[in-house]
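# Structural features, examined
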Amino acid sequence: MGLCLGSASVSASIDWAAYGDWTLAILMAAAGLGFIIFVHELGHFAVAKWCGVKCDKFMIGFDIGGWKLSRKWGETVYGIGILPLGGYVKMMGQDDDPRITTEQLQQSKATDDSIATKEITGPGGEKYLVDARSYLAKTVPQRMAIISAGVIMNIIFAFVFAVIAFMIGVPSMTCEVGATVAGSPAWENGLRPGDRIAKIGDIEDPWFNELREEVTLAQKGQPIDVIVERADGQRIDMKLTPDRSGQLPAIGITNSSTLALAEKKQFVPNSPADKVGDQLTAGATIVAVNGTPVDSYAEWKAMLVENNSKPLTLTLESPGENGKTSEVTLPPNRRESIGLAVAAGAIVGVEKESPAAKAGLNVGDLLIAVDGKSLEAVEGRSAEMNPLDLADYARERAIGGATIELTVARDGDRDQSETISVTPRRVTWEELNLSLDDPTSVPALGIAIPLVTRVVAVERGSPADKAGIKVGDSLQSVSFKAPEGEQASVPAQDVNFTDHPRGWAAASEAMQDLPSGASIDLVLVRSGSETPIEVSATPRTDDNAFVAERGIILAPLMKEKVGNTFGEQLSMGAYETKRALTSVYRFLLRLTGGDISPKLLGGPLTIAQGAAATAMRGWGDFLLFLTLISANLAVVNFLPIPVLDGGHMVFLLWEGLTGRPANDKVVTGMSLLGLALILTLMIWVFGLDIGRLFGWV
């Protein structure tokens, strides 16, 4: 019997609208996962038959209650069980439960003088005459070969899957940086769009999935050695310590994009690009913006940032070889808001070598005012500047070469406030908020600040003012609703500020993609009261504030991993198989060491979803996923846990050293512990699967 656990990080989003592709993907996933189980059990079966063991059953899935599709050929029943969670080979005198060694010996005793027999030794030294075709009649090396054959077959086929994948070719994301997350390790070290991770650890020219894996499996608290290559070819050594505040360790970068419009979805609904969506052809390439040629994603982002308040005219080159071009104009993306400002928390990140760092700003410092304009509500008076406006304010000041006067409370102590002068830098990039807990950033200064949920200003006549929100109120939650009378859902995630006290930045960003007429419901608590108040407001367009993004969706930057010769394909397959095996081992090591969260585990549903998602991306991706799962099955099944293949090997080693099977009482105690561990683990991963299915995890 086999045990297979998946990692939740291998799962991927699925295009549920592509029903035909999805159906095919399900069939491919079922066939692929079934084949992995089949070859594992085939290994046990083939070596057992080769050693002369009688095999009563060969099952894919478990025939719980006798429910199965089966047929008997010769002495063996071949079948598919109703429970598709593994498989097994039933051999004479062998059971997956090693506690019943004595019982197995009794069952294997020869009762017919006409059959071949063999004398073997029991746990207490007693002698038994057993059927020579019994599993227990075979030598320890033969039984070791039978037990290990399933794992060996999985390793062999992991290699075969990988070789075929590199014959076909696997489109893979490169390690070019698309953006950094505000406050992240990559952000603190000054990575920019267009930079490339040239080396991570011992891996030269890594792919993005290798980078992600190395970050996830890094030892807690230990930095990762990285070499970054700038666009001008300069190489810089860095040490990045993954941030573990989220479920997955991260260094805070996203992969880059091409300048070609995505194939399936070219624009974000309700964005400026949506207004001209019929002019955006899948696969068309942006070759110029406002008449200026653009050659890279970094240059595209620079055009967006530097012209955020102006219309953009894109020159698009049609896909194909005709070189035909067309132009489309995108209006500015005016910010949507309800007219309130919340307080800025103490600085949580200062980028190295940034204007803020050079001016002496530190983590823990609190911004009180900018150029004399208060960021806080003081003695009942509203704040004079919204912390969300600080990024644009500093960027505009940088264009003119002006300085900014910052009033700072050192370590948050307002009694130790001072005013410092900072010269902001020109900004040609964006910094992201990817999670509900990410801070907002001021790229022109190089600082990251969280937005807490205490209201410090309400614009007169704004939706927030009309809803009755007041300075000093504390926001508890926000939820988004589609326009009245429409059934369509809104593309925004509700935020509970009790769980995510920094979530206002994410909530404000979510307002940008709401359909016209959508509303938000807020729950707040008034100062001096504990009674929740529910209010509703409809965001309005702010004509004086802008969002750089226009809603264009570009295809990710990918290159094909393919072996050009058979020798190269074998070499790449061997490397991928070794990496898959070691990554599973490292994952388990980090898991047991507490370096990564057990919530990253996945069960059958996670594995099935990952298989279907990779199947939809193509055969190469799908085969590499099967390589990972086959390696997973091999490593997990060979762990020294009773009831797994590795547990059987431990008892066989004991028998080989002592000349007799282990004592039943010892085996029983160890097996019960092992069984309890496996059952607990299975309940846990099933629970995680169900939780992900319903959005609870």
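All figures in this text were calculated on a predicted structure; none of them were measured in a lab.

## What to know about the environment of Phe159
Along the chain, the position of Phe159 falls in helix H3 (residues 140–168). Between the C-alpha atom of Phe159 and that of Val305, which follows or precedes it by 146 residues, the distance is 46 Å. Sequence-distant contacts of Phe159, defined by excluding residues within four places in its chain, comprise Leu570, Gly573, Ala574 and Thr577.

## Thoughts on the sheet that holds strand E2 (residues 55–62)
Pairing in this open sheet of four strands is mixed, and the strands run E3-E4-E2-E5 from one edge to the other. Either end of the sheet is taken by a strand with one partner, and the two such strands are strand E3 (68–73) and strand E5 (83–91). Across this sheet, the average inter-strand angle for adjacent strands is 10°, counted without regard to direction. Examined bridge by bridge, E2 and strand E4 (residues 76–81) share four bridges and lie parallel to one another. Looking at the pairing, Met59 lines up with Gly79 of E4.

## Topic: the packing of helix H12 (residues 566–592) against helix H14 (residues 619–637)
Relative orientation of the contacting elements H12 and H14 amounts to 50°, with a least axis distance of 9 Å. Put simply, H12 runs oblique to H14. Helix-helix and strand crossings are classified by hand; for H12 and H14 the assignment is right-handed. Residues Glu576, Thr577, Ala580, Leu581, Ser583, Val584, Tyr585 and Leu588 of H12 form the contact with H14, whose participating residues are Leu624, Thr627, Leu628, Ala631, Asn632, Ala634, Val635 and Val636. Residues of the contact of H12 with H14, tallied by class, amount to eleven nonpolar, four polar and one charged.

## Looking at a nonpolar patch on the surface
Where nonpolar side chains cluster on the molecular surface, the patch consists of Ile152, Ile156, Val160, Ile164, Met167, Ile168, Phe566 and Trp619 and spans about 730 Å² of accessible area. Residue contributions to the nonpolar patch peak at six residues, all from H3. Take Val160: it is sitting in helix H3.

## Some details on helix H7 (residues 297–306)
The buried fraction of H7 amounts to seven of the ten residues, a majority that puts the element mostly inside the structure. Among all positions of H7, only Tyr297, Trp300, Lys301, Ala302, Met303, Leu304 and Val305 are buried.

## Digging into the sheet that holds strand E28 (residues 440–442)
On the basis of which strands lie adjacent, the open sheet formed by three strands has the order E22-E29-E28 and antiparallel pairing. Two strands bound the open sheet, and with one partner strand each, they are strand E22 (349–350) and E28. Pairing of E22 with strand E29 (residues 447–449), which is carried by two bridges, proceeds in the antiparallel orientation. If you follow Gly349 over to E29, its bridge partner there is Ala448.

## Comments concerning the pairing of strand E15 (residues 257–261)
Of all five residues in E15, four are buried; the element is thus mostly enclosed. In this sheet, strand E36 (residues 554–556) lies alongside E15 in antiparallel orientation, the contact comprising two bridges. Each residue of the ladder has a partner; that of Leu261, found in E36, is Leu554.

## Points about the pairing of strand E31 (residues 474–481)
As defined by bridge partners, E31 adjoins strand E33 (residues 519–525) across seven bridges and the pair is classed as antiparallel. Paired with Lys481 across the two strands is Ser519, which belongs to E33. Relative to strand E32 (residues 495–496), E31 runs antiparallel, the two sharing two bridges. The partner of Ser477 across the bridge, within E32, is Asn496.

## Re the confidence of the model for the protein chain
On average, residues of the protein chain score 88 in pLDDT, and 92% of them reach the 70 mark or higher. Low pLDDT, under 50, characterises residues 1–19; the stretch is placed with 66 contacts to residues that sit more than four places away or in other chains.

## Examining the pattern of salt bridges
Summed over all chains, the structure comprises 33 salt bridges. Between Arg192 and Glu351 there is a salt bridge, and its shortest N-O distance comes to 2.7 Å. Here Glu351 lies in the loop between E22 and helix H8 (355–359) and Arg192 lies in the loop between helix H4 (185–188) and strand E10 (196–200), a separation of 159 residues in the sequence. By the burial criterion, Arg192 is buried, and Glu351 matches it. Of the charged contacts, one joins Arg540 and Glu459 as a salt bridge, the two residues approaching to 2.6 Å between their closest N and O atoms. One end of the pair, Arg540, is in strand E35 (residues 540–547); the other, Glu459, is in the loop between strand E30 (451–458) and helix H10 (463–466), with 81 residues separating them in the sequence. For Glu459, a relative accessible area of 41% corresponds to the partly exposed category. Each of the salt bridges in this network shares a partner with another, and the network as a whole consists of Arg196, Asp205, Glu229 and Arg235.

Conventions used here
Residues numbered from 1 in each chain as written. Predicted model: local features only at pLDDT ≥ 70, side-chain atom pairs only at ≥ 80, totals over all residues. Heavy atoms only, no water. Helix = DSSP H or I, 4+ residues; strand = E, 2+ residues; numbered from the N terminus. Contact = heavy atoms within 4.5 Å. Pairing = 2+ DSSP bridges. Axes fitted to C-alpha atoms, helices over the stretch in contact; angles between N-to-C directions. Parallel < 35°, antiparallel > 145°, perpendicular 65-115°, else oblique. Left-handed = near helix turned anticlockwise from the far one by under 90°. Nonpolar A, V, L, I, M, F, W, Y, C, P; charged D, E, K, R; others polar. Patch = residues over 30% accessible without salt bridge, like charges linked within 9 Å, V, L, I, M, F, W, Y side chains within 5 Å. Areas by Shrake-Rupley, 256 points an atom, 1.4 Å probe, with all protein chains shown as cover. Salt bridge = Lys/Arg side-chain N within 4 Å of Asp/Glu carboxyl O. Buried < 20%, exposed > 50% of the residue type's maximum accessible area, 1.4 Å probe, protein only. pLDDT = per-residue confidence, 0-100.

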